[in-house]
Amino acid sequence: MDLVTSPVLRQRMHEAVADGRRDVVLDLSGVLFCDSSGVGVLITGRRLIRSCQGRLRLILPGQGADGGSSRPGETGIGGGSHVNRVLGALGVRRLFDVYPDVDAAVDDEATPLPA
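Here goes a summary of the coordinates provided.

About the thresholds
Residues numbered from 1 in each chain as written. Predicted model: local features only at pLDDT ≥ 70, side-chain atom pairs only at ≥ 80, totals over all residues. Heavy atoms only, no water. Helix = DSSP H or I, 4+ residues; strand = E, 2+ residues; numbered from the N terminus. Buried < 20%, exposed > 50% of the residue type's maximum accessible area, 1.4 Å probe, protein only. Contact = heavy atoms within 4.5 Å. Areas by Shrake-Rupley, 256 points an atom, 1.4 Å probe, with all protein chains shown as cover. Patch = residues over 30% accessible without salt bridge, like charges linked within 9 Å, V, L, I, M, F, W, Y side chains within 5 Å. Salt bridge = Lys/Arg side-chain N within 4 Å of Asp/Glu carboxyl O. Core = buried A, V, L, I, M, F, W, Y, C linked by side-chain atoms within 4.5 Å.

A short note on the overall build of the protein chain
For step 1, the next point in the chain: Within the protein chain one finds four helices and three strands.
For step 2, the next point in the chain: What you see in the protein chain, going N to C, is helices and strands ordered as α-β-α-β-α-β-α.
For step 3, the next point in the chain: For the protein chain, the proportion of its 115 residues judged to be buried stands at 38%.
For step 4, the next point in the chain: If you take every contact in the protein chain between residues at least 6 apart in sequence, the share linking residues at least 24 apart comes to 64%.
For step 5, the next point in the chain: About 6,600 Å² of surface is accessible on the protein chain, with carbon and sulfur atoms providing 53% of the total.

Right, dumping it as C-alpha cells:
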C-alpha cells in the first residue's frame, strides 16, 4: 500500500460505504509494504466507516506474508506482518480492531487481538 495503490483502496472503501456496507473487513495479510499514504487511507477509512456507525476490521496475522513472526522477541525474515509493525511504530495500531484471520474477523463473538 503506497502512493500508487492507496487511492484504489480509498475508492473501494468509499464505494462500500456508498453501497450501504457498514462493517468492512480488510485482509492485509498479503501486504508486503505500507507507507504513510497507506496508513492514511486506513485511518481515513476507519473514520468514514465509524461516522456511519460501522466497524472496520483488519486482518493482520501473526505470520507476515514474508514468513516472519510478529511475536515480540522472535526474529524472522521480516518480523511478522509489515502493516502491523508500521501501525505499531506510528502509535496508531490501537485504533484498529485486528484479527488473525477472516473467520475471526467476521465472528461477532471474537475478541480483537491486543495492541
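Once the structure has been displayed, the description carries forward.
With respect to a nonpolar patch on the surface
For step 1, the next point in the chain: A cluster of nonpolar residues, Val 25, Val 102 and Val 106, forms a patch on the protein surface that exposes about 220 Å² of accessible area.
For step 2, the next point in the chain: As for its placement among the helices and strands, Val 25 is situated in strand 1 (residues 23-27).

Here's the deal with the nonpolar core
For step 1, the next point in the chain: By size, the foremost hydrophobic cluster in this structure holds 23 residues, and its most contacted members are Leu 26, Leu 28, Leu 42, Leu 58, Val 83 and Leu 87.
For step 2, the next point in the chain: Counting only elements with at least two residues in this core, the list comes to helix 1 (6-18), strand 1, helix 2 (36-51), strand 2 (55-59) and helix 3 (82-89).

Some thoughts on the pattern of salt bridges
For step 1, the next point in the chain: Counted under the stated rule, the structure contains three salt bridges.
For step 2, the next point in the chain: A salt bridge links Arg 55 to Asp 97, with the nearest nitrogen and oxygen atoms 2.8 Å apart. Of this pair, Arg 55 sits in strand 2 while Asp 97 sits in strand 3 (residues 97-99); the two residues are 42 residues apart in sequence, bridging distant segments of the chain.
For step 3, the next point in the chain: Taking the relative accessible area as the measure of exposure, Arg 55 reaches 25% and is therefore partly exposed.
For step 4, the next point in the chain: Here Asp 108 makes a salt bridge to Arg 57, at a shortest N to O gap of 3.1 Å. Pair noted here: Asp 108 is in the segment after helix 4 (102-106) and Arg 57 is in strand 2, with a separation of 51 residues, a long-range link.
For step 5, the next point in the chain: Under the relative-accessibility criterion, Asp 108 is labelled exposed at 61%.

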